[in-house]
Amino acid sequence: MHCVKLLGQRLMARDFDRQVAELQVRIAILNRYTALGIPVTEAVG
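Residues numbered from 1 in each chain as written. Predicted model: local features only at pLDDT ≥ 70, side-chain atom pairs only at ≥ 80, totals over all residues. Heavy atoms only, no water.

Student: Teacher, can you tell me more about the pattern of salt bridges here?
Tutor: Two side chains of opposite charge can pair, provided their charged atoms sit close to one another. Applying the stated criterion across every chain yields a total of one salt bridge. Residue Glu22 is joined to Arg26 by a salt bridge in which the shortest nitrogen-to-oxygen separation is 3.1 Å. Taken as a pair, Glu22 and Arg26 lie in helix H2 (residues 16–37) at a separation of four residues, close to a single helical turn. Arg26 sits in the buried class, given a relative accessible area of 10%. (Salt bridge = Lys/Arg side-chain N within 4 Å of Asp/Glu carboxyl O. Helix = DSSP H or I, 4+ residues; strand = E, 2+ residues; numbered from the N terminus. Buried < 20%, exposed > 50% of the residue type's maximum accessible area, 1.4 Å probe, protein only.)

What follows is the structure, encoded as structure tokens:
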């Protein structure tokens, strides 16, 4: 939740459906950053 709040404290949209979409975009951004930080391991040999 802390990371979600780093992207902004408030929702800009007033309509509930748009608020849901806004949160989904924020979560997609966080998931992308997380995916970039996970190392890819490969077997050697």
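Student: Would you explain the side chain of Glu22 in this entry?
Tutor: Take Glu22: its relative accessible area is 16%, and that puts it in the buried class. Polar side-chain contacts of Glu22 include one of 3.2 Å to the backbone nitrogen of Ala13. When near neighbours in sequence (up to four residues on either side) are disregarded, Glu22 contacts Arg10, Leu11, Met12 and Ala13. (Polar contact = N/O pair within 3.5 Å; in protein donor to acceptor, adjacent residues only side chain to side chain. Contact = heavy atoms within 4.5 Å.)

Student: Looking at this structure, I do not really get H2. What am I missing?
Tutor: The end-to-end C-alpha distance of H2 is 32 Å, a good match for the 32 Å that 22 residues give at a rise of 1.5 Å each. Within H2, burial applies to Glu22, Arg26 and Leu30. Each buried residue of H2 sits inside an arc of 75° when the element is viewed along its axis, so together they form one side. Exposed and facing more than 90 degrees away from the buried side of H2 are Asp17, Gln24 and Arg32. Where H2 is buried, its residues meet helix H1 (2–6). (Expected span 1.5 Å × (residues − 1). Arc of directions from axis to C-beta.)

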